[in-house]
Amino acid sequence: GAVVSQHPSRVICKSGTSVKIECRSLDFQATTMFWYRQFPKQSLMLMATSNEGSKATYEQGVEKDKFLINHASLTLSTLTVTSAHPEDSSFYICSARVPGHGTEAFFGQGTRLTVV
Amino acid sequence: GIQVEQSPPDLILQEGANSTLRCNFSDSVNNLQWFHQNPWGQLINLFYIPSGTKQNGRLSATTVATERYSLLYISSSQTTDSGVYFCAVGYSGGGADGLTFGKGTHLIIQP
């Protein structure tokens, strides 16, 4: 149990376009999901907390207009990178916890975004 | 925010050797997890261990929450153990519920 699925696994897009990444909890409902970003050879940094039915909470320094988060259902959160630029190229990964089952986080497979 | 330090940053061992990876954190935690990141970036969940000791095959982990550290032990290393190992913690003092990751230990197991 506790499977988190992320799609796509990799995407290449042109500068100026927008890209949507999906994060789904397959066998549980997640009122909260988390989005992280990882630059090459670096650690993972929390970008934002996605809350079902309400606005996302962004970490300091993360542009909310650049990284749009929508958590429209209990099993789906989306991250849209708007007007992407080469510096947005990175590895994006989401996680969720199973409500009522402690604090363990389960991660999706990640999405490698390349902006050309 | 909470600080997480992992050591050593790099470790090169011969196949069959044992290794110990350390994670120090600066405050009380309600979550501590060890991950192995594979070459495709996927985080493999090794242990959820906010306190105590757990073992899974050749791997084991111990967290001493009162002293704010955790150790990951790998015995009889295999080449497939190579990769980056991350420790991540959740702060129990409120605020954001996401995890704070250490910078990782890059482990290379040579045949």
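What comes next concerns the included structure. (Residues numbered from 1 in each chain as written. Chains lettered and ligands numbered in written order. Predicted model: local features only at pLDDT ≥ 70, side-chain atom pairs only at ≥ 80, totals over all residues. Heavy atoms only, no water.)

Topic: the sheet that holds strand S3 (residues 19-25) of chain B
Residue and element names in this part refer to chain B. Rules: What makes two strands pair is DSSP finding at least two bridges between them. Going along the chain from the N terminus, every DSSP run of H or I of four or more residues is numbered as a helix, and every run of E of two or more is numbered as a strand. Where helices are involved, their axes are fitted lines through C-alpha atoms of the stretch in contact, as for all axes, and angles between N-to-C directions lie from 0 to 180°.
Taken in spatial order, the five strands make up an open sheet running S1-S3-S8-S7-S6, and their pairing is antiparallel. The open sheet has two edge strands, strand S1 (4-7) and strand S6 (52-56), and neither has a second partner. This sheet shows a mean twist of 15° between the axes of neighbouring strands, independent of strand direction.

Description of the interface of chain B and chain A
As a reminder, the rule being used: For this analysis, residues touch if any pair of their heavy atoms sits within 4.5 Å. Two parts placed together each lose some accessible area; with a 1.4 Å probe, that loss summed over both constitutes the buried area. Basic side-chain nitrogens of Lys or Arg form a salt bridge, by our definition, when they fall within 4 Å of a carboxyl oxygen of Asp or Glu. Two N or O atoms form a polar contact when they lie within 3.5 Å of each other; inside protein one atom must be a possible hydrogen donor and the other a possible acceptor, and for residues adjacent in sequence the pair counts only when both atoms belong to side chains.
Counting residues at the interface gives 19 residues for chain B and 18 residues for chain A. Taken together, the two surfaces of chain B and chain A that pack against each other cover about 1,400 Å², and 54% of this comes from carbon and sulfur. On inspection of chain B and its partner chain A, the count reaches zero salt bridges. Connecting chain B to chain A are eight residue pairs in polar contact (both at pLDDT 80 or more). Looking at the side of chain B that touches chain A, the elements with two or more residues in it are strand S4 (29-37) and strand S5 (43-48) of chain B. Sort the elements by how many residues they give to the side of chain B that touches chain A and S4(B) lands first, with five residues.

Side note on the packing of aromatic side chains
This is how it is decided: In summary, the pairing rule links any two rings of Phe, Tyr or Trp, Trp by its six-membered ring, whose centres are within 6.5 Å, and it sorts them by plane angle into stacked for under 30 degrees, edge-to-face for over 60 and tilted for everything else. Cation placement over rings: the criterion is NZ of Lys or CZ of Arg within 6 Å of the ring centroid and within 35° of the ring normal.
Counted according to the given criterion, the structure contains seven aromatic pairs over all chains. The interplanar angle of 80° and the centroid separation of 6.0 Å between the aromatic rings of Phe86(B) and Phe101(B) together place this pair among those described as edge-to-face. Of the two residues, Phe86(B) sits in strand S9 (residues 83-91) while Phe101(B) sits in strand S10 (residues 100-101), which places them 15 residues apart along the sequence. Through a chain of ring-to-ring contacts, three or more aromatic side chains come together here, namely Tyr36(A), Phe107(A), Phe35(B), Phe86(B) and Phe101(B). Taking the ring centre of Tyr69(B) as reference, the NZ or CZ of Arg22(B) above it sits at 4.3 Å.

Structural notes on the nonpolar core
Test applied: The nonpolar core is taken to be a set of buried Ala, Val, Leu, Ile, Met, Phe, Trp, Tyr and Cys residues, with the residues joined through side-chain atoms within 4.5 Å. Exposure is judged per residue with a 1.4 Å probe applied to protein chains only, and the accessible area is read against the type maximum: over 50% gives exposed, under 20% gives buried, and values in between give partly exposed.
Grouped together as the largest cluster of nonpolar side chains are 28 residues, with contacts concentrated most on Phe67(A) and Leu113(A). Secondary structure elements with two or more residues in this core: strand S2 (10-13), strand S3 (19-25), strand S4 (32-38), strand S5 (44-51), strand S7 (67-73), strand S8 (76-81), strand S9 (90-97) and strand S11 (111-115) of chain A. Contact partners of Leu113(A), with chain neighbours within four places excluded, come to Val11(A), Cys13(A), Val19(A), Val81(A), Asp88(A), Ser89(A), Ser90(A) and Tyr92(A). Within the second largest apolar cluster, 22 residues are counted, among which are Val4(B), Leu21(B), Leu107(B) and Ile109(B).

Some details on the pairing of S5(B)
All names here are of chain B. As judged from the five bridges shared by S4 and S5, these two strands associate in the antiparallel manner. Residue His36 lies in a different strand from S5, and its bridge partner there is Ile44. Hairpin connection between S4 and S5: a loop of five residues separates the two successive antiparallel strands, and Gly41 in this loop has a positive phi of roughly 95°.

Quick look at the pattern of salt bridges
All chains considered together, the criterion is met by three salt bridges over all chains. Close ionic contact of Arg24(A) with Glu22(A) constitutes a salt bridge, the shortest N to O distance being 3.4 Å.

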